[in-house]
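Structural overview
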Amino acid sequence: PAAAPGEEREPNDRYADANLLVPGVEVRGLVGRPGDVDYYRVPLAGLEAGSLLSVAFTGVPGVTVDVAVLDYARKVVNNRPGGRGAAVSLRDLAVRPHTGWVYVVVTGQQRYSADDRYRLRVDVGKATESREKEPNDHPAQAVTLAGPKGEMKGNRSTASWRIWRRRSGTEP
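Reading the values: rules and limits
Residues numbered from 1 in each chain as written. Predicted model: local features only at pLDDT ≥ 70, side-chain atom pairs only at ≥ 80, totals over all residues. Heavy atoms only, no water. Helix = DSSP H or I, 4+ residues; strand = E, 2+ residues; numbered from the N terminus. Buried < 20%, exposed > 50% of the residue type's maximum accessible area, 1.4 Å probe, protein only. Areas by Shrake-Rupley, 256 points an atom, 1.4 Å probe, with all protein chains shown as cover. Pairing = 2+ DSSP bridges. Axes fitted to C-alpha atoms, helices over the stretch in contact; angles between N-to-C directions. Core = buried A, V, L, I, M, F, W, Y, C linked by side-chain atoms within 4.5 Å. Contact = heavy atoms within 4.5 Å. Polar contact = N/O pair within 3.5 Å; in protein donor to acceptor, adjacent residues only side chain to side chain.

1. Describing the overall build of the protein chain
Counting secondary structure elements, the protein chain contains zero helices and nine strands. Starting at the N terminus, the α and β elements of the protein chain follow one another as β-β-β-β-β-β-β-β-β. Counting all 172 residues of the protein chain, 30% fall into the buried class. A total of about 11400 Å² of accessible surface is found on the protein chain, and carbon and sulfur atoms cover 49% of it.

2. Focus: the sheet that holds strand 4 (residues 51-57)
Spatially, the four strands line up as an open sheet ordered 2-9-4-7, and their pairing is antiparallel. A strand with exactly one partner marks an edge of an open sheet, and here the two such strands are strand 2 (27-29) and strand 7 (88-94). Across the sheet, the axes of successive neighbouring strands diverge by a mean angle of 20°, strand direction being ignored. Sheet topology note: the strand 4/strand 9 (residues 118-126) ladder contains seven bridges and is antiparallel.

3. Description of the nonpolar core
In this structure, Val104 and Leu120 are the most contacted members of the largest nonpolar core, which totals 25 residues. The set of elements that each furnish at least two residues to this core consists of strand 3 (37-43), strand 4, strand 5 (64-70), strand 7, strand 8 (101-110) and strand 9. Excluding anything up to four places from it in sequence, Leu120 contacts Leu21, Val25, Glu26, Val27, Tyr40, Val55, Ala56, Phe57, Val104 and Val106. Within the second largest apolar cluster, seven residues are counted, among which are Ala18, Tyr39, Ala68 and Val105.

4. Quick word on the sheet that holds strand 6 (residues 76-81)
Strand pairs in the sheet, formed through backbone hydrogen bonds, run parallel or antiparallel to each other. If you walk across this open sheet you meet the five strands as 1-3-8-5-6, and the pairing is mixed. What marks the edges here is a single partner per strand, and that holds for strand 1 (19-20) and strand 6. Here seven bridges tie strand 3 to strand 8, and the two strands are oriented antiparallel to one another. By the bridge assignment, Val42 is partnered in strand 8 with Val102.

5. Some thoughts on the side chain of Ser51
If you trace the backbone, Ser51 turns up in strand 4. A distance of 2.6 Å separates the side chain of Ser51 from the backbone oxygen of Glu48, its partner in a polar contact. Sequence-distant contacts of Ser51, defined by excluding residues within four places in its chain, comprise Leu93, Ala94, Val95, Val124 and Gly125.

6. Concerning the side chain of Asn78
Topologically, Asn78 is positioned in strand 6. When residues no more than four places from it in sequence are discounted, the contact partners of Asn78 are Val67, Ala68, Val69, Leu90, Leu93 and Glu134.

The following block contains the structure:
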């Protein structure tokens, strides 16, 4: 039987069987057996150069999953393991629209649920100078830090910069 709109369609345990996941549309799926893997193909046609993808996965009570984004060549762009029952989020992933698509892969790690469904959504954002782009784990992928514009006057001018990391829920 065909899956209802917004529902995962099985089988989708292989790249060839990946379900279509359109940005901005939520899909519901199951981690229905031990080691279950669900593949989704996200079309990139029509996205502007420099677009960023964000992936949101809602947790399933008692179930542990990994969520990964792979490029058209099936290389990992970014991945994140989730804790038991935890939501997983991958934000601001730089993609190349000319490649046609990326894959989102949900892999069950511990336990499963034949009843409780997860929700998965991919959204597209616009790259800006003030937004970090992922991945940037290696020097070759470093993001340029853009600071306030100003002038250095004379050869004895000094400028100081402070870089801080805000903890969730705190102010600078």
